[in-house]
Each structure stands twice: as C-alpha cells, then as structure tokens.
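What the coordinates show
So you can see what is in the structure, the chains are spelled out below.
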Amino acid sequence: MRHTGEDAAHTSDTTSGEPVVRVRPAWTALLSLATLAVFMAFMTPIQILLPLQLEHIDPAGKHTALSWVTGAGALVAMVANPLAGALSDRTVSRFGRRRPWILGGALAGAAGLLVTAGQHTVLGVALGWCLAQAGLNAMLAGVTTPVADRVPVAQRAEVSGWTGITQSLGLVIGAVVTTMAVTGVASGYAVIALLTVVLALPFVLRFGEPPLPRELRRPLDPRRLIAGLWVSPRRHPDFGWAWLTRFLINLGNAMGTLYLLYYLTDSVRLDDPDTGVLVLTLIYTLCAALTAVPVGVLSDRAGRRKGFVRLCAVVMALGAVLLACVHTWPAALAAAAVLGAGFGIYLAVDQALVTQVLPAAEHRAKDLGVINIANSGPQVLAPAVAAPVIAHLGGYTGLYLATALVTLLGGLLIAKVRGVR
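About the criteria used
- Residues numbered from 1 in each chain as written.
- Predicted model: local features only at pLDDT ≥ 70, side-chain atom pairs only at ≥ 80, totals over all residues.
- Heavy atoms only, no water.
- Axes fitted to C-alpha atoms, helices over the stretch in contact; angles between N-to-C directions.
- Helix = DSSP H or I, 4+ residues; strand = E, 2+ residues; numbered from the N terminus.
- Left-handed = near helix turned anticlockwise from the far one by under 90°.
- Contact = heavy atoms within 4.5 Å.
- Nonpolar A, V, L, I, M, F, W, Y, C, P; charged D, E, K, R; others polar.
- Core = buried A, V, L, I, M, F, W, Y, C linked by side-chain atoms within 4.5 Å.
- Buried < 20%, exposed > 50% of the residue type's maximum accessible area, 1.4 Å probe, protein only.
- Expected span 1.5 Å × (residues − 1).
- Bend = angle between axes of the 7 residues up to and from the residue.
- Parallel < 35°, antiparallel > 145°, perpendicular 65-115°, else oblique.
- Patch = residues over 30% accessible without salt bridge, like charges linked within 9 Å, V, L, I, M, F, W, Y side chains within 5 Å.
- Areas by Shrake-Rupley, 256 points an atom, 1.4 Å probe, with all protein chains shown as cover.
- Salt bridge = Lys/Arg side-chain N within 4 Å of Asp/Glu carboxyl O.
- Phe/Tyr/Trp six-rings, centres within 6.5 Å; stacked < 30°, edge-to-face > 60°.

1. Description of the packing of helix H5 (residues 122-150) against helix H14 (residues 364-392)
Across the interface, H5 lies against H14 with an axial gap of 9 Å and an inter-helix angle of 115°. The two elements H5 and H14 meet at a crossing, and its hand is right-handed. Contacts between H5 and H14 involve Leu140, Thr144, Thr145, Ala148 and Asp149 from the former and Arg364, Ala365, Leu368 and Asn372 from the latter. Residues of the contact of H5 with H14, tallied by class, amount to 4 nonpolar, 3 polar and 2 charged.

2. Describing the nonpolar core
In terms of nonpolar packing, the biggest core is built from 101 residues, with Trp27, Val38, Leu113, Phe203, Tyr263 and Tyr400 touching the most fellow members. Considering each element in turn, this core owes the most residues, 15 residues, to helix H2 (residues 25-57).

3. Thoughts on the side chain of Ser32
Summarising the element assignment, Ser32 is placed in helix H2. Note on Ser32: relative accessible area 8%, which makes it buried.

4. Regarding H14
Side chains of residues three or four places apart in an α-helix project in the same direction, reflecting 3.6 residues per turn. When the terminal C-alpha atoms of H14 are compared, their 43 Å separation across 29 residues agrees well with the 42 Å that a helix rising 1.5 Å per residue should span. The sharpest bend along H14 comes to roughly 35°, located at Leu381, with the proline Pro383 sitting one to four residues further on. Immediately downstream of H14, the backbone of Gly394 shows phi near 100°, a positive value.

5. Some points on the packing of helix H12 (residues 306-325) against helix H13 (residues 329-355)
The interhelical angle for the contact between H12 and H13, taken along N-to-C directions, is 160°, at an axis separation of 8 Å. Judged by the inter-axis angle, H12 sits roughly antiparallel to H13. H12 and H13 meet at a crossing whose hand is left-handed. When grouped by side-chain class, the residues that make up the contact of H12 with H13 number 21 nonpolar, 2 polar and 2 charged.

6. Some thoughts on a nonpolar patch on the surface
Taken together, the side chains of Val314, Leu318 and Leu408 make up a nonpolar region of the molecular surface, amounting to roughly 250 Å² of accessible area. With respect to the helices and strands, Leu408 occurs in helix H15 (residues 395-413).

7. Considerations on the packing of aromatic side chains
Throughout the structure, instances matching the rule amount to 9 aromatic pairs. Their ring planes at 70° and their centres at 5.9 Å tell us that Trp27 and Phe203 sit as a pair that is edge-to-face. Placement of the pair is Trp27 in helix H2 and Phe203 in helix H7 (residues 185-206), with a sequence separation of 176 residues. With respect to class, Trp27 is no different from Phe203; both count as buried. Ring centres 6.1 Å apart and planes at 25° place the aromatic pair Tyr259 and Tyr262 in the stacked group.

So, in structure tokens, the structure goes:
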C-alpha cells in the first residue's frame, strides 16, 4: 500500500480533534468509488439477486423467505459494523487504521457473496448472506469514517453528497450488471463480488494515512471493547436523537423498497418487473444525484442541517403516498423521482449532521458503527412490520401509507438535536 508524501500530507488523519485542511477532489472521488463498491454489494442482492434466488427455491413462500434472509443478515450487520469500527479505532498497522478494514472487508464480503451464490436452500442462502454482511460491514466501517477523520465541517455535507450518491448508484450498476451484462443469479453474484474488491483498491492504494499515535494506543480489553459499544443517550442526547431520526427514515425507506419487485409484479402487474426495478432505480438515482451535492453545498455554506433533514422527510413521504394511492406504472415512475430527490437531500445532510454529534474523536469509527445500526436495524424490523401490513392492513396501500408516517416522524424528531443548527 504505497502512497506519495504529497498524498499523505493532504490526507492526514486527525485522531484527537476536527480536521481543518480541505480534502482534494481526487480523494473524494476515490472514497466515493470505494463506497460505491460496498453499497453495490449490499443493495444488488437485497433488491434483485436474493428475491430471484429465493423465488426459485420457494415460489410460494418467497415473501417470508426474503424477510428471514434479509433480517438475519441485518442482525449480523448490527453487531459487525460497530465491532469492526471499534477494532479499526485501535488498529496499529503501519498502513493506518481504516485501509486494512476496507480491503479486508471487501475480500471477506466478496467471499460471502460467492458462498451465497452456491446455495440451494433458504437456510444456506441465509448463512451465506450473513457471511457477506459480516465482511461488507467491516468494509463499511472503513469507508464511512474517513469523512469524519479528514474532512472539515464546512466541507462535510458536500463530500457526503458525493459519497451518498453512490448508495443509489451502486444499485444501478448492480442492476445493469445482473439484468443486462450477465445471465443467471450465480454469475450476477460473481461479478458483484469481483467489482467489490476492484473498486475498493484505488482508494486503499492511492491515499495513505498515518498509524495510530503511540499516546492513543490502548491495550485490547475485550470486556471494555464490548462495553464501549453502548453510547448512552442520557450522556450524549444529540447522538441519541440523531440515531433515532436516522433509524426512522431508514425504516421508512426499507419498508418501501424491500418488496419493490413484488409490488411491480403483484400490484402494478408490470409485464417485466425486473426491468421495471432497473428503470425506477435509474430515475431514483438521477434525482438523488441532482439534489445531493447541490443541497450539500448549500448546507455547508449556510452551516445548517436540520431544516434540510425535515425537507427530505416531507418529500419522501409524498413519494410514498403516491405509491400508496395510485398503483400504476406512470405513478411509480413519478414516485421514484420524488423519493430520489428526497433521499438525495438526506444522504448529503444527515451524514454530515451525524459526524457533528459524535461523542469523541478517538473512537469515531465505533460511534459511526453504532450510528450505522440505524441503517441495518431497519432491515431487521422492516420485514416484521411490512409483511403483516401487506397481509392484514390494506396490502401495498397500507404499506406505503405506513412508510410515509414513519418517515415524517423521523423528520420531526430531528428538532430534538440541540448542538447542530
């Protein structure tokens, strides 16, 4: 892992305070590429490969099977992400604290995807996906922390906008690969696994980071490590409210997207729902890209975050209401545009906001791992909420109305964060 002295100078890690030197476009671009890798590996199986694989294994029980598999993977993610973050904070490698976890997590996640591809039972798919989630969440701990480590607060929403776009772009690229470039579920997993590693390498190899200073190194105590995963909302209320806001908005997003393929099949009755998912994802991503970076720049210049989070919640709720009330292909297209625009605002501003409420600089990766439970936790809860709603409380109309309410609640609770404007 080589890097030039100039690279090191412009990407110096700040372990005990807020960074002040603006990062360069090349740094942002390659971090975004690594972030693209991890979210492509996360989202493509959830949205496309797992539903197709499970539909083939158990056509009659596909909804329940998908819920069990994604829920089990999310449970692993809830443990793996903060644990990997805590270990990353203590890593004393000469290659720095984050890069070993980015590369190691990419390799482990790719291996998990290949294991998943070879399974022919629901249990086998669940075990393979759990392995993939463990590796990918170690990688996620590595790619999310550099923004807090190295980007000044006044540049943070802009950089978060660029990295945030890749969350949706990863699914677009994954959908193109799995529906157009290759044939078959197994080959789709294989190509996604390969791209996960390849896209992570440029950032790992190009930009260095200093090792953890000796004065900040602490002996590894497993009991203290585990105990440290708890962040008290009483002692750190802004952190707690930011976590809850993110949890609710992501719960709404998970409820609305988990059954998208089945929604197009069973409710919209689209002739080619696989292509439909790709089209909706393209529209969603384009609209997210159109709002994420510009809103991030506006937020940085204004020094304000909370108003933009409220705005994103309202916009996303409107998109969910449209899906609830009008089950047609044109309405789905319009809803994808509205939801994408709202989520683009969220991706840029909320990520910047949470980096400003972290309890301490020396364990940023662990604390961001706890924050990221608010991303993975909804993947556990969403199936448990969505499946009964679809079955007993109005089908997809009830599901998307519930999505709107949960998202709006998340937007309202951001007002409880006092230390960020």
